[in-house]
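Residue-level structural notes
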Amino acid sequence: KKRIKQEEVEEGLVCTPKSEVKETKSRSRLGVMATAVLGGSLVALYAVAAPFVTPALRKVCLPFVPASPAQVENVLRVLQSRAGTLVDVGSGDGRIVMAAARRGFQASGLELNPWLVWFSRYKAWRAGLQRSACFHICDLWKVSFSQYSNVVVFGVPQMMEQLEQKLASELSSTAVVVACRFPFPNWVPERTAGEGIDTVWLY
């Protein structure tokens, strides 16, 4: 057999077998597909994780911590003689809003995480509460609370004093505020319910 000279290969004088061409194309396609799948997976992961991670990167960290059944019951207990409109600031998965709607409140939830808002809307629809429970994607610092007669707050210590001032300037004199987990620094509560992390303060 004759040996193929390197010069002939470089000048294209020797043809590559069809089987080798097909194998090369197949490998190339697999590489493109693998890159596309990996890229798509990363984009999907970012889309799902970003709404949960972004709040933690804000100046005041507001992580999603679901209210316990005892905490929900404590909120409703201190509001048992109340009626009208209610807003849950940081509504999470909507459990406070839905519980309030079942008790006759026209309840709204404010939440930064769009996934939690969509999930809450779905839960309200499944429960037949879409007319008395609604959820909004918004920043609490960019909304007015003047339209609400009952406010439920799931905050953190770093934000409570500033929020206290905002609510004092916007709420009517007949409105009440329920703080969960952390009390307001300057207000004196009219009533408390629960203990430990399930404690709520009524102002």
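Up top is the structure.
Structural notes, computed from the coordinates.

Conventions and cut-offs
- Residues numbered from 1 in each chain as written.
- Predicted model: local features only at pLDDT ≥ 70, side-chain atom pairs only at ≥ 80, totals over all residues.
- Heavy atoms only, no water.
- Helix = DSSP H or I, 4+ residues; strand = E, 2+ residues; numbered from the N terminus.
- Buried < 20%, exposed > 50% of the residue type's maximum accessible area, 1.4 Å probe, protein only.
- Contact = heavy atoms within 4.5 Å.
- Areas by Shrake-Rupley, 256 points an atom, 1.4 Å probe, with all protein chains shown as cover.
- Axes fitted to C-alpha atoms, helices over the stretch in contact; angles between N-to-C directions.
- Parallel < 35°, antiparallel > 145°, perpendicular 65-115°, else oblique.
- Left-handed = near helix turned anticlockwise from the far one by under 90°.
- Nonpolar A, V, L, I, M, F, W, Y, C, P; charged D, E, K, R; others polar.
- Patch = residues over 30% accessible without salt bridge, like charges linked within 9 Å, V, L, I, M, F, W, Y side chains within 5 Å.
- Salt bridge = Lys/Arg side-chain N within 4 Å of Asp/Glu carboxyl O.
- Pairing = 2+ DSSP bridges.
- Expected span 1.5 Å × (residues − 1).
- Arc of directions from axis to C-beta.
- Polar contact = N/O pair within 3.5 Å; in protein donor to acceptor, adjacent residues only side chain to side chain.

Regarding the overall build of the protein chain
Secondary structure summary: the protein chain contains six helices and seven strands in total. Counting helices and strands in the order they occur from the N terminus, the protein chain gives α-α-α-β-α-β-α-β-β-α-β-β-β. Burial statistics for the protein chain: of 203 residues in total, 36% are counted as buried. Long-range pairs, those at least 24 residues apart, make up 63% of the contacts in the protein chain with a sequence separation of at least 6. If you sum the accessible surface of the protein chain, you get close to 12800 Å²; carbon and sulfur atoms cover 58% of it.

Remarks on the packing of helix α3 (residues 69-78) against helix α4 (residues 95-102)
Viewed as axis vectors pointing N to C, α3 and α4 meet at an angle of 45°, and their least axial separation amounts to 10 Å. Considering the angle they form, α3 stands oblique to α4. In this structure, α3 meets α4 at a crossing whose hand is right-handed. Residues Val 72, Val 75 and Leu 76 of α3 pack against Arg 95, Ile 96, Ala 99 and Ala 100 of α4. Classifying every residue of the contact of α3 with α4 gives six nonpolar, no polar and one charged.

Describing a nonpolar patch on the surface
Residues Trp 115, Trp 118 and Ile 137 make up a contiguous nonpolar surface patch of about 310 Å² in total accessible area. Residue placement: Trp 118 occurs in helix α5 (residues 114-126). For Trp 118, a relative accessible area of 44% translates into the label partly exposed.

Here we look at the sheet that holds strand β3 (residues 133-137)
Hydrogen bonding along the main chain pairs the strands of a sheet, whether they run parallel or antiparallel. Taken together, seven strands build an open sheet; the order of strands is β3-β2-β1-β4-β5-β7-β6 and the sheet is mixed. Two strands bound the open sheet, and with one partner strand each, they are β3 and β6 (191-193). On average, adjacent strands in this sheet sit at an angle of 20° to one another, irrespective of strand direction. Bridging between strand β1 (residues 85-89) and strand β4 (residues 150-154) involves four bridges; their strand directions are parallel. Within β4, the position partnered with Leu 86 by the bridge is Asn 150. Sitting on the sheet, α5 touches β2 (106-111) and β3, and the angle it makes with β3 is about 165°.

As for α4
In terms of residue burial, α4 counts as a mostly covered element, since six of its eight residues are buried. Among the residues of α4, Ile 96, Val 97, Met 98, Ala 99, Ala 100 and Ala 101 are the ones counted as buried. Structurally, α4 contributes buried residues whose contacts are with α3, β1, β2, α5, β3 and β4.

Examining α5
One turn of the α-helix equals 3.6 residues, which is why residues spaced by three or four share an orientation. With 13 residues, α5 should reach 18 Å at 1.5 Å per residue; the first-to-last C-alpha distance of 18 Å fits that figure. Among the residues making up α5, those that are buried are Leu 116, Val 117, Ser 120 and Ala 124. Buried positions in α5, seen along its axis, are confined to an arc of 100° and lie on one side of it. Facing away from the buried side of α5 by more than 90 degrees, the exposed set consists of Trp 125 and Arg 126. At the N-terminal boundary of α5, the capping side chain belongs to Asn 113, with an oxygen 2.9 Å from the backbone nitrogen of Trp 115. Gly 128 lies just past α5 and shows a positive phi near 75°.

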